[in-house]
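# What the coordinates show
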Amino acid sequence: MTPPVETLRTDVVIIGAGPAGMLLSHLLAVDGVASIVVETRSADYVAARIRAGILEHSTVELLRQHGLADRLGREGDEHRGIYLTWPEEKHHLDFVDLTGRSVWVYGQTEVQKDLVAAREADDQQVLYECGDVALHDLETERPAVELVHDGRRVRIEGRVVAGCDGSFGPSRASVPSGVQQTWEKVYPYSWLGILADVAPSTDELIYAWHPDGFAMHSMRSESVSRLYVQVPNGTPVEEWSDDRIWEALAVRLGHGRHGWELTPGPITEKSVLPMRSYVQTPMRHGALFLAGDSAHIVPPTGAKGLNLAVADVALLAPALVDLVRKKDVRRADSYSDDALRRVWRCTHFSWWMTTMLHTSPDPFEAQLQLSQLRWVTSSEAGRTGLAENYAGLPIGF
Ligand code: RFL
Ligand code: PHB
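The rules behind these values
- Residues numbered from 1 in each chain as written.
- Chains lettered and ligands numbered in written order.
- Predicted model: local features only at pLDDT ≥ 70, side-chain atom pairs only at ≥ 80, totals over all residues.
- Heavy atoms only, no water.
- Buried < 20%, exposed > 50% of the residue type's maximum accessible area, 1.4 Å probe, protein only.
- Helix = DSSP H or I, 4+ residues; strand = E, 2+ residues; numbered from the N terminus.
- Pairing = 2+ DSSP bridges.
- Axes fitted to C-alpha atoms, helices over the stretch in contact; angles between N-to-C directions.
- Parallel < 35°, antiparallel > 145°, perpendicular 65-115°, else oblique.
- Left-handed = near helix turned anticlockwise from the far one by under 90°.
- Contact = heavy atoms within 4.5 Å.
- Nonpolar A, V, L, I, M, F, W, Y, C, P; charged D, E, K, R; others polar.
- Near = heavy atom within 4 Å.
- Polar contact = N/O pair within 3.5 Å; in protein donor to acceptor, adjacent residues only side chain to side chain.
- Areas by Shrake-Rupley, 256 points an atom, 1.4 Å probe, with all protein chains shown as cover.
- Disulfide = S-S within 2.5 Å.
- Expected span 1.5 Å × (residues − 1).
- Bend = angle between axes of the 7 residues up to and from the residue.
- Domains from an automatic or database assignment.
- Buried area = accessible area lost by both parts, 1.4 Å probe.
- Salt bridge = Lys/Arg side-chain N within 4 Å of Asp/Glu carboxyl O.

In terms of burial, strand β11 (residues 144–149) is largely enclosed, as five of its six residues are buried. Pairing of strand β10 (residues 131–136) with β11 involves four bridges; the strand directions are antiparallel. Each bridged residue has a counterpart across the sheet, and for Ala134 the counterpart in β11 is Glu146. Pairing geometry for β11 and strand β12 (residues 152–157), over six bridges, is antiparallel. What sits directly across from Val145, in β12, is Ile156. Linkage of β11 to β12, two consecutive antiparallel strands, is achieved through a turn of two residues, within which Asp150 is found at a positive phi near 55°.

Following this line, the structure appears as structure tokens:
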């Protein structure tokens, strides 16, 4: 390989310009720690990816504390709770009454725009459309990331490398196989998700158990709805016409029951999302620190992925500030254990919501799911447990 033509130096080399990477660069800058962010995709591609929709209480608090929530406050929608429904019943769980904590509907695309705007205002260096991104010298005090940018080979040296490159990036694989441990569960179903240009038919999200399969009604704004139906793994999106999707949603969400109606509208986006749980430990190896989807994936039923990425960064940023500015390694040394406590809690909650709500062909399991749903909705302890986890535990719980 030809040697790098250009060497850049910084405190923290951040791989990935998604929410984890951009938030980390912001929090580091607030405390005077420099970073360079590298990203394989273009800025437009990263900004347009449609993903998460729910921000938990601590995520919103953190964004507010750092001046990143002005638009969220104006355009986001605060929700007190969610609905849980199955053919015979529909219940509202009020998280504010149960735990004093709410959640916000504000798309990840919007969070990403706000983060990019804040970093641009601060002249953050972000190298988009990088190729051949590779991590080097992670077990030394001068780790580096090498890449190709604008046709030139670049080497970026830092004090540490933050792997915020999601589930397909090179960071997680840079932890030697003898050191890393992984846990994975692949679920036997996927979500078919749609975006539709129609006002939401509900004031708060509906999670529905149904013998035909799970369905969910979420939203992005007063005029845009986001809905999902459970489909078998490997389902080609073409098998689901717009009419078939709306019919399945109407049946599963309970159109016509309890006076509730689902209003269909033009579908603008359609995609199939497989579901899996994945955790890789430790979240730190030498000078490499993992945050967000690079270390863990959760199925979306608990609305935790983005929130977990934010929580990781909330722990990692002060740890790196101590390390870089004060040479105090204590928080860096405990980062992996500290972050993993929450990661495993959210991994369990996401698995629990997923297995409670997705219909399996086993009639015995279906009865257990319904029993669990009746308990969760009728017992104060059951409701509070779900609310506490969904609205989110404090960052350092
Ligand atoms: P991201 O957002 O994947 O960003 C990683 C970035 O790294 C880049 N990258 C590289 N950069 C440089 N070099 C390389 N070699 C690279 N390889 C990759 C990628 O291009 C990308 O820009 O990870 P991050 O920052 O950790 O953020 C995690 C969240 O994006 C993710 O957890 C959530 O979107 C998950 N999720 C949800 N989370 C919630 O909290 N609430 C939800 O309601 C929710 N719904 C969802 C979701 C994810 C979904 N999909 C499609 C995965 C709904 C969906 C449909
Ligand atoms: C979404 O709005 O995309 C969304 C909301 C809640 C979830 C998953 C996805 O649990």
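Another aspect to go through is the packing of helix α9 (residues 330–357) against helix α11 (residues 380–391). In contact at an axis separation of 10 Å, α9 and α11 are set at 120° when each is read in the N-to-C sense. Classified by the interaxial angle, the pair formed by α9 and α11 is oblique. α9 and α11 meet at a crossing whose hand is left-handed. Listed contacts from α11 to Arg345, Phe349, Trp352, Met353 and Met356 of α9 are Leu386, Asn389 and Tyr390. Class assignment of the residues belonging to the contact of α9 with α11 gives a composition of six nonpolar, one polar and one charged.

Near ligand 2, the surroundings consist of 14 residues, among which Tyr207, Ser218, Arg220, Tyr228 and Pro300 are the closest. In this structure, Ser218 approaches ligand 2 through a side-chain N or O atom, which is 2.6 Å from an oxygen atom. One of the side-chain N or O atoms of Tyr228 is found 2.6 Å from an oxygen atom in ligand 2. If ligand 2 stood free it would expose 280 Å²; the protein chains cover 96% of that surface. Looking at the shell around ligand 2, the elements that each hand over two or more residues are β16 (215–219) and β17 (225–232). In terms of residue class, the shell around ligand 2 is built from eight nonpolar, three polar and three charged.

A separate point is the state of the cysteines. Within the structure shown, the criterion is met by zero disulfides. Here Cys130 is not cross-linked by a disulfide; its sulfur's nearest cysteine counterpart is in Cys164, at 14 Å. Cys130 gets classed as buried once you look at its relative accessible area, which sits at 5%. Cys164 sits in the buried class, given a relative accessible area of 7%.

Next up on the list: α9. Between its first and last C-alpha, α9 extends 41 Å over 28 residues, near the 40 Å set by a 1.5 Å rise per residue. The largest bend in α9 amounts to roughly 35° and is located at Ser336.

This part takes up unusual backbone geometry. Cis rather than trans, the peptide bond between Thr281 and Pro282 has omega equal to -10°. Positionally, Pro282 belongs in the loop between β18 (267–281) and β19 (284–285). Phi is positive for Asp137, which is not a glycine, with a value near 55°. Looking at the element boundaries, Asp137 is found in the loop between β10 and β11.

Under the domain assignment used here, the chain contains domain 1 (5–53 + 107–180 + 282–358) and domain 2 (187–275 + 359–390). Here the C-alpha centroids of domain 1 and domain 2 sit 31 Å apart. Taken together, the 21 residues of domain 1 in the interface contact 24 residues of domain 2. For the domain 1 face of the interface with domain 2, the top three residues by lost area are Met356, Leu357 and His358, together amounting to 35%. Our enumeration of links across domain 1 and domain 2 arrives at zero salt bridges. Here domain 1 and domain 2 share eight residue pairs in polar contact (both at pLDDT 80 or more) between them. Each residue belonging to the side of domain 1 that touches domain 2 can be placed in one class, and the counts come to 11 nonpolar, seven polar and three charged.

This part is about the site of ligand 1. Of all residues adjacent to ligand 1, which total 33 residues, the nearest are Glu39, Arg49, Gln108, Asp293 and Leu306. Here an oxygen atom of ligand 1 and a side-chain polar atom of Asp293 are 2.7 Å apart. For ligand 1, the accessible surface in isolation is 1,000 Å², of which the surrounding protein chains cover 87%. Among the secondary structure elements, those contributing two or more residues to the shell around ligand 1 are α1 (19–30), β17 and α8 (305–326).

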